Amino acid sequence: MSDIDLNKIGNILRSRRMEKNLSIRDLSARSDVAASTISQIETGKTSPNLLTLKSLCNALDLPVFSLFMDDEITNVRLVRHNEQQTFIRNISNGKALIESLITQGRNEMWGAIIDIPAHSDSGTFAHHGGEELVFMLEGCIRFELENYQAYTLEKYDTLYYPNYIGHRWTNNCDEDAKMLIISTSPYKF
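Residues numbered from 1 in each chain as written. Predicted model: local features only at pLDDT ≥ 70, side-chain atom pairs only at ≥ 80, totals over all residues. Heavy atoms only, no water.

Observations regarding helix α2 (residues 24–31)
Applied cut-off: With a 1.4 Å probe rolled over the protein chains alone, any residue whose accessible area is under 20% of its type maximum counts as buried; one over 50% counts as exposed, and the rest are partly exposed. The numbering of helices and of strands both runs from the N terminus, where a helix is a DSSP run of H or I of at least 4 residues and a strand a run of E of at least 2. Of all possible arcs, the one meant is that of the directions from the helix axis to the C-beta atoms. Should any heavy atoms of two residues lie within 4.5 Å, those residues are considered in contact.
Inspection of α2 places Leu27, Ser28 and Ser31 among the buried residues, and these make up the whole buried set. Around the axis of α2, the buried residues are gathered within 105° of arc, so they sit on the same side. Among the exposed residues of α2, those pointing more than 90 degrees away from its buried face are Arg25, Ala29 and Arg30. Those residues of α2 hidden inside the fold are in contact with α1 (6–19), α3 (35–42) and α4 (50–60). Within two residues after α2, aspartate 32 carries a phi angle of roughly 60°, on the positive side.

And the structure:
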C-alpha cells in the first residue's frame, strides 16, 4: 500500500477536526480512538487501519472515500465549445447523427450533446451498465425503453433510466432535435 499518502490523510483529518472546533481529546472521545493514535495519524507517522479511519470519519461527518480521492479526479474541468470531441454517432436515413462529448478526462460520468436530424433514429436498442439522464434541448423525439412504454420527449423534458434497460430514440418530426445526455457508464465510441 505504498500508494497511500499518509500526510494527505492526516492533513484532511486535522483540517476537518479543526473546522469542527474539536481538540484531539474531543475527537478521541467521539471516535473511541486513542488521542495518541489520532496525533500520529494527523502527522502522517502511522498507517491507520480501515476501522480506525471509519471511526474517525464518522465522528467528523466525513466520507471515508474522500481520504483516498485522487487529486486529478477531483479537479474541476471546463471544456470550451470548440474543444468538444465531435463524431458521427451513426447514419440514419442517409443523415448523420452528430454527437459532441462535453466532458473530458477521467470522470464518474460523461456528457454529450446529440444532434438528431428529422426522420432519423439511433438504431437498435443499446444495453450497458450505469444510469442515464436525457434532457431535451430542441425539437421532439420518441424515446423507447425496451419492455416499457415509449415516451414522447419535447423541449426541456427529462427522462432518467438505468442503462440495463434497452434504449433507443427516433425523431419522427419534420424538425431536427437536440438532446443532452449524461451517463455514468464508461463511454466507448
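Topic: the nonpolar core
Here is the rule: Nonpolar cores were defined as sets of buried Ala, Val, Leu, Ile, Met, Phe, Trp, Tyr and Cys residues, with membership established by side-chain atoms within 4.5 Å.
In terms of nonpolar packing, the biggest core is built from 20 residues, with Ile116, Val134, Ile141, Phe143, Trp169 and Met179 touching the most fellow members. Listed by contribution, the elements that provide at least two residues to this core are β2 (95–101), β3 (110–116), β5 (131–138), β6 (140–145), β8 (158–162) and β10 (177–183). With 4 residues, β3 is the single largest residue contributor to this core. Among all residues touching tryptophan 169, those that are not within four sequence positions of it are Arg89, Leu97, Ile114, Ile116, Asp121, Ser122, Ile141, Arg142, Phe143 and Met179.

Some words on a negative patch on the surface
In plain terms, the rule: Surface patches are defined over residues having more than 30% relative accessible area and no salt bridge, joining like charges when they lie within 9 Å and nonpolar side chains (Val, Leu, Ile, Met, Phe, Trp, Tyr) when within 5 Å. Where accessible areas are quoted, they stem from the Shrake-Rupley method and a 1.4 Å probe; at the residue level, only the protein chains shown are allowed to cover. A side-chain nitrogen of Lys or Arg and a carboxyl oxygen of Asp or Glu constitute a salt bridge if their distance falls within 4 Å. Positive residues here are Lys and Arg, negative ones are Asp and Glu, while His and the chain termini are left out of the count. Throughout, a charge is located at the NZ atom of Lys, the CZ atom of Arg, the CG atom of Asp or the CD atom of Glu.
On the surface, Glu138, Asp174, Glu175 and Asp176 cluster together into a negatively charged patch. Inspection of the secondary structure assignment puts aspartate 176 in the loop between β9 (167–171) and β10.

Here we look at the side chain of threonine 52
Within the fold, threonine 52 resides in helix α4. Dropping the residues within four chain positions of it, threonine 52 is found in contact with Val33 and Ile41.

Looking at the state of the cysteines
Selection rule: Cysteine sulfur pairs qualify as disulfides if the two atoms are within 2.5 Å.
Scanning the entire structure with this criterion turns up 1 disulfide. Each disulfide pairs two cysteine sulfurs, and for cysteine 140 the partner residue is cysteine 173, the sulfurs being separated by 2.3 Å. Here the disulfide of cysteine 140 and cysteine 173 is left-handed, its torsion about the S-S bond being about -80°. Of this pair, cysteine 140 sits in strand β6 while cysteine 173 sits in the loop between β9 and β10; the two residues are 33 residues apart in sequence, bridging distant segments of the chain. Take cysteine 140: its relative accessible area is 19%, and that puts it in the buried class. Exposure remark for cysteine 173: the relative accessible area of 24% places this residue in the partly exposed category.

A short note on the packing of aromatic side chains
The condition that has to hold: In summary, the pairing rule links any two rings of Phe, Tyr or Trp, Trp by its six-membered ring, whose centres are within 6.5 Å, and it sorts them by plane angle into stacked for under 30 degrees, edge-to-face for over 60 and tilted for everything else. A ring is scored as having a charge over it whenever the NZ atom of a lysine or the CZ atom of an arginine sits within 6 Å of its centre and within 35 degrees of its normal.
Under the defined criterion, the tally for this structure stands at 3 aromatic pairs. Over the ring of phenylalanine 125 we find arginine 168; its NZ or CZ atom is 4.0 Å from the centre of that ring.

Considering the pattern of salt bridges
When the charged atoms of two side chains with opposite charge come close together, those side chains can pair. All chains considered together, the criterion is met by 5 salt bridges. Across the salt bridge formed by arginine 16 and glutamate 19, the nearest N and O atoms sit 4.0 Å from each other. Taken together, the residues span about one helical turn, with arginine 16 and glutamate 19 both in helix α1 at a distance of 3 residues. A residue is classified by how much of its surface remains accessible, and glutamate 19, at 57% relative accessible area, is exposed.

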